[in-house]
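Results of the structural survey
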Amino acid sequence: MENNHQGARKYSSEFIADVMASITPLESLQVETRFVLAGRIAGIMDSQRLSNKELAARMGKNPSEISRWLSGTHNFTIDTLSEIAIALEVPVMEFFIPSQPKVIQDVQLTVSSENISSNSSSFYPVYHI
Amino acid sequence: MNYEIIEMQQLSGRKAGIYSVMIANDNLSLFEHFVKDHIGEHAMEIRSITQYLSYIGNRYGMQNRFFNVKRGRKADSVCALFDHPEQKLRLYCYRVGTVALIIGGGTTRPGKKGAAGLPEKLLASISRDISSKIRTGDIYWSEKEARLSGNLIFTVDGKQSSGGPEIQQ
């Protein structure tokens, strides 16, 4: 092993390439759906500032079960999603809708012309002599 | 033990760098050995894990919810990825900050095959070496390249080993 470079050597694995190529469209969609659902549930929990423990308490579950759901590996049933929706007080459909970008700051500017006398002038021409 | 940290190109992405470990004189990384050892019996789960890792690297980043952080001693920070009762495999990994994930080997989950603790101990030893180099500044996170930088080759001669008992592959 040469010790003459900075940073990790980039390594392309034929082994991993073969595994990735063998993933069927169905498997790929199943994994993606699990990730998306887990991400949406985690996002709603974050927006409500709800911990795993608190959601578990609401649902009468063990917190480890909530962790498993949020890991992105769980195969949710419609019944489980309905249970979670009730606990989070959101419609089930909310889990399938992409989250909206957060508005960090909403600034409203208002310009009013009230109480300005008719002979007042805000701008005067400037003459350079 | 001489080894280097390598970047897994097929898994790394803009959200996180995914790395594994190549032991000297070996032609497969620890993660590839894990895949090779389990692809026969647990093909579907291996394919899922590979896709999960690619998602972490490219789309989701290293969120806490993906990891079972109770694994390993607190000092070595080794944790398990997607370690749940409904899974048959357990993959050990080491998180460097929030953007670099080093994946080692793994085992079948206890109760399935009587998993040995070797991959976890090996990665724990490696995590100590990496932590030591991070402390001395030999390894750091490069914001510009969004990658783990520095000297990622570890040699016993270079006194970069943890000094613990040599772990045989």
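Residues numbered from 1 in each chain as written. Chains lettered and ligands numbered in written order. Predicted model: local features only at pLDDT ≥ 70, side-chain atom pairs only at ≥ 80, totals over all residues. Heavy atoms only, no water.

With that settled, the discussion passes to the overall build of chain A. Of the regular secondary structure elements, chain A holds 5 helices and 1 strand. In sequence order, the secondary structure elements of chain A are arranged as β-α-α-α-α-α. Of the contacts formed within chain A by residues at least 6 apart in sequence, a portion of 56% connects residues at least 24 apart. For chain A, the accessible surface area stands at approximately 9,500 Å², while carbon and sulfur atoms represent 53% of it. (Helix = DSSP H or I, 4+ residues; strand = E, 2+ residues; numbered from the N terminus. Contact = heavy atoms within 4.5 Å. Areas by Shrake-Rupley, 256 points an atom, 1.4 Å probe, with all protein chains shown as cover.)

Let us look at the environment of A:N52. Residues and elements named next belong to chain A. Relative to the helices and strands, N52 resides in helix α3 (residues 52-59). Each C-alpha atom, one on N52 and one on P63, is 5.7 Å from the other, the two residues being 11 residues apart in sequence. Ignoring anything within four residues of it in the chain, the contact list for N52 reads M45, I66, S67 and L70. A distance of 3.4 Å separates a polar atom in the side chain of N52 from a polar atom in the side chain of S67. (Polar contact = N/O pair within 3.5 Å; in protein donor to acceptor, adjacent residues only side chain to side chain.)

Turning our eyes to something else, we now look at the pairing of strand β8 (residues 147-150) of chain B. Sheet faces and side chains relate simply in a regular strand, where the side chains alternate between the two faces. All names here are of chain B. As judged from the 4 bridges shared by strand β7 (residues 139-142) and β8, these two strands associate in the antiparallel manner. Paired with S142 across the bridge in β8 is R147. Hairpin remark: β7 followed by β8, antiparallel, with 4 residues in the connecting loop; positive phi at A146, about 50°. (Pairing = 2+ DSSP bridges.)

A few words on the pattern of salt bridges. Enumeration according to the criterion identifies 7 salt bridges over all chains in this entry. Its salt-bridge partner being B:E4, residue A:R9 comes within 2.8 Å of it at the nearest N-O pair. Here A:R9 is found in strand β1 (residues 9-11), whereas its partner B:E4 is found in strand β1 (residues 3-8) on a different chain. The exposure class assigned to A:R9 is partly exposed, which follows from its relative accessible area of 33%. Judged by its relative accessible area of 5%, B:E4 falls in the buried class. Among the ionic pairs, A:K61 bridges to A:E83, the shortest N-O distance being 3.6 Å. Of this pair, A:K61 sits in the loop between α3 and α4 (63-70) while A:E83 sits in helix α5 (residues 78-88), placing them 22 residues apart in sequence. Assessed through its relative accessible area of 26%, A:K61 is described here as partly exposed. Given the relative accessible area of 36%, A:E83 is considered partly exposed. (Salt bridge = Lys/Arg side-chain N within 4 Å of Asp/Glu carboxyl O. Buried < 20%, exposed > 50% of the residue type's maximum accessible area, 1.4 Å probe, protein only.)

Here we take up the nonpolar core. Residues B:F31, B:L53, B:L81 and B:I103 are the most contacted members of the largest nonpolar core, which totals 32 residues. Top element by residues in this core is helix α2 (residues 43-60) of chain B. It accounts for 7 residues. Residues contacting B:I103, with those up to four places away along its chain left out, are B:L11, B:I18, B:Y19, B:S20, B:V21, B:F31, B:L53, B:L91, B:Y92 and B:C93. A:A8, B:Y92, B:A100 and B:L148 belong to the second-largest nonpolar core, a separate cluster that totals 23 residues. (Core = buried A, V, L, I, M, F, W, Y, C linked by side-chain atoms within 4.5 Å.)

Turning to the interface of chain B and chain A, a few remarks are in order. Taken together, the contact pairs 46 residues of chain B with 37 residues of chain A. Surface buried jointly by chain B and chain A totals about 3,600 Å² across both partners, of which 59% is contributed by carbon and sulfur atoms. It is B:Q10, B:R47 and B:R65 that lose the most area in chain B upon contact with chain A, and together they represent 19% of the buried surface on that side. One can count 4 salt bridges joining chain B with chain A. Here B:R59 and A:E32 are joined by a salt bridge, their closest N and O atoms 3.0 Å apart. Counting the contacts that link chain B with chain A gives 14 residue pairs in polar contact (both at pLDDT 80 or more). When contributions to the side of chain B that touches chain A are tallied by element, the ones reaching two or more residues are β1, β2 (17-23), α1 (30-38), α2 and β8 of chain B. For the side of chain B that touches chain A, the leading source of residues is α2(B), giving 11 residues. (Buried area = accessible area lost by both parts, 1.4 Å probe.)

Mapped onto the elements, B:Q10 comes out in the loop between β1 and β2. Only 2.7 Å separates the side chain of B:Q10 from the backbone oxygen of A:S13, close enough to count as a polar contact. Not counting the four nearest positions on each side in its chain, B:Q10 is found in contact with A:Y11, A:S12, A:S13, A:I16, A:A17, A:M20 and B:S54.

Right, let's get into the packing of helix α2 (residues 25-47) of chain A against α4(A). Residue and element names in this part refer to chain A. At their nearest, the axes of α2 and α4 sit 8 Å apart, and the two run at 125° to each other. As judged from the angle between their axes, α2 and α4 are oblique. Here α2 contributes A38, I41, A42 and M45 to the contact with α4, which in turn contributes I66, W69 and L70. Among the residues forming the contact of α2 with α4, the class breakdown is 7 nonpolar, no polar and no charged. (Axes fitted to C-alpha atoms, helices over the stretch in contact; angles between N-to-C directions. Parallel < 35°, antiparallel > 145°, perpendicular 65-115°, else oblique. Nonpolar A, V, L, I, M, F, W, Y, C, P; charged D, E, K, R; others polar.)

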